[in-house]
Amino acid sequence: MTADGTNYELTPPFLLIATQNPIDHEGTFPLPEAQLDRFLVRLRLGYPQFENEVSMLQRLQLQHPIETLETVASAGEIIACQESVRQVFVDDKVSRYIVQLIQATREHYDVILGGSPRASMALLRCAQAFAAVNGFDFVLPDDVKQIAPHVLGHRLILRPESRLRKKTVAVVLDEILNAVPVPQMPAGGPSR
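Residues numbered from 1 in each chain as written. Predicted model: local features only at pLDDT ≥ 70, side-chain atom pairs only at ≥ 80, totals over all residues. Heavy atoms only, no water.

(A) Quick peek at the overall build of the chain. The secondary structure content of the chain amounts to 8 helices and 4 strands. Its helices and strands taken in sequence order, the chain reads β-β-α-α-α-α-β-α-α-β-α-α from the N to the C terminus. Its C-alpha atoms put the chain at 55 × 45 × 45 Å along the principal axes. In the chain, the proportion of contacts linking residues at least 24 apart, taken out of those at least 6 apart, comes to 75%. For the chain, the accessible surface area stands at approximately 14200 Å², while carbon and sulfur atoms represent 57% of it. Between the mean site of the 18 positive side-chain charges and the mean site of the 22 negative ones, the chain shows a separation of 8 Å. (Helix = DSSP H or I, 4+ residues; strand = E, 2+ residues; numbered from the N terminus. Contact = heavy atoms within 4.5 Å. Areas by Shrake-Rupley, 256 points an atom, 1.4 Å probe, with all protein chains shown as cover. Lys, Arg positive; Asp, Glu negative; His and termini not counted. Charge placed at Lys NZ, Arg CZ, Asp CG, Glu CD.)

Right, here's the structure in full:
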């Protein structure tokens, strides 16, 4: 990692979580597209449900919950999980489907900047992780569709005139996911 011109070696596993307050942007600046593309996924958490927020307050009453955090996995275990995700099988049809989706983002009328090759690599890896977390050793097109909004949503830049027409990235991604034909997997192949 480089900060202020100084290189820092980071020991694996390295994870960066960045937060963004959608209300108060004073003193902050939007990241350039090339930097946004380096974030693997973007998740929107929203507000907690009523009972969850009550529980949060109850846990906070005597001490901050962060003070009681314990290790749940070693660095070696996390690295092993990362390596096992790479072993999740991806059929050639699924790889081609990923590239078709990314190319569709580049060709969509409302998009001025579509997904980069980094986006296709991120979509592949996240689909593998999604399948693995759900207990499967292969990726289906539905895994790709499920994870695509989180991987691609922050990478697409809409045309100004499309934004004026109240078009959103979510709507464009939905159009793309519905327009690109989902590949038929081989009969007798893996199913869930």
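Having put the structure on the table, let's press on.
(B) Geometry of the nonpolar core. Leu101, Leu123, Val139, Val144, Val151 and Leu152 are the most contacted members of the largest nonpolar core, which totals 29 residues. Mapped onto this core, the elements with two or more residues apiece are α4 (92-107), α5 (117-133), α6 (141-152) and α8 (169-179). Beyond its immediate sequence surroundings of up to four residues, Leu152 is in contact with Ile102, Thr105, Ala119, Leu123 and Leu173. (Core = buried A, V, L, I, M, F, W, Y, C linked by side-chain atoms within 4.5 Å. Buried < 20%, exposed > 50% of the residue type's maximum accessible area, 1.4 Å probe, protein only.)

(C) Inspection of the environment of Ala127 at higher detail. Relative to the helices and strands, Ala127 resides in helix α5. Spatially, the C-alpha atom of Ala127 lies 8.7 Å from that of Pro141, the residues being 14 residues apart in sequence. Not counting residues up to four positions away in its chain, the partners in contact with Ala127 are Val139, Asp143, Val144 and Ile147.

(D) A look at the packing of aromatic side chains. Counted according to the given criterion, the structure contains 1 aromatic pair. The ring of Tyr109 carries the charged tip of Arg159 above its face, separated from the ring centre by 5.8 Å. (Phe/Tyr/Trp six-rings, centres within 6.5 Å; stacked < 30°, edge-to-face > 60°. Lys NZ or Arg CZ within 6 Å of the ring centre and 35° of its normal.)

(E) Seen up close, the pattern of salt bridges. One pass over the structure, following the stated rule, counts 6 salt bridges. For Arg155, the salt bridge is made with Asp37, and the minimal N-O distance between the two is 2.6 Å. With a gap of 118 residues between them, Arg155 in the loop between α6 and β4 (157-158) and Asp37 in the loop between α1 (33-36) and α2 (50-60) connect regions that are remote in the sequence. A relative accessible area of 11% means that Asp37 is categorised as buried. Between Lys167 and Asp110 there is a salt bridge, with its nearest N and O atoms 2.9 Å apart. Pair noted here: Lys167 is in the loop between α7 (160-164) and α8 and Asp110 is in the loop between α4 and β3 (111-113), with a separation of 57 residues, a long-range link. Judged by relative accessible area, Asp110 falls into the buried class, the value being 2%. Connected via shared salt-bridge partners are Asp110, Arg165, Lys167 and Glu175. (Salt bridge = Lys/Arg side-chain N within 4 Å of Asp/Glu carboxyl O.)

(F) Here's a closer look at the state of the cysteines. For the structure on display, the rule yields 0 disulfides. Of all cysteine sulfurs in the structure, the one in Cys126 sits closest to Cys81, which takes part in no disulfide; the separation is 15 Å. (Disulfide = S-S within 2.5 Å.)

(G) Just a nonpolar patch on the surface, in detail. On the surface, Met1, Tyr8, Leu10, Phe14 and Leu16 cluster together to form a nonpolar patch covering roughly 520 Å² of accessible area. Mapped onto the secondary structure, Leu16 falls in the loop between β2 (6-7) and α1. (Patch = residues over 30% accessible without salt bridge, like charges linked within 9 Å, V, L, I, M, F, W, Y side chains within 5 Å.)

(H) Region of the structure containing the side chain of Ser116. Among the secondary structure elements, Ser116 is positioned in the loop between β3 and α5. If near-sequence neighbours (up to four positions away) are discounted, Ser116 is found in contact with Asp37, Ile102 and Arg106.

(I) Focus on α8. For α8, the set of buried residues is Val169, Val172, Leu173, Ile176 and Leu177. Projected onto a plane normal to the axis of α8, the buried residues spread over an arc of 135° and lie on a single side. Facing away from the buried side of α8 by over 90 degrees, the exposed positions are Ala170, Asn178 and Ala179. Elements that come into contact with the buried residues of α8 comprise α4, β3, α6 and β4. (Arc of directions from axis to C-beta.)

Purely geometric stuff here, so don't read any function into it on its own.
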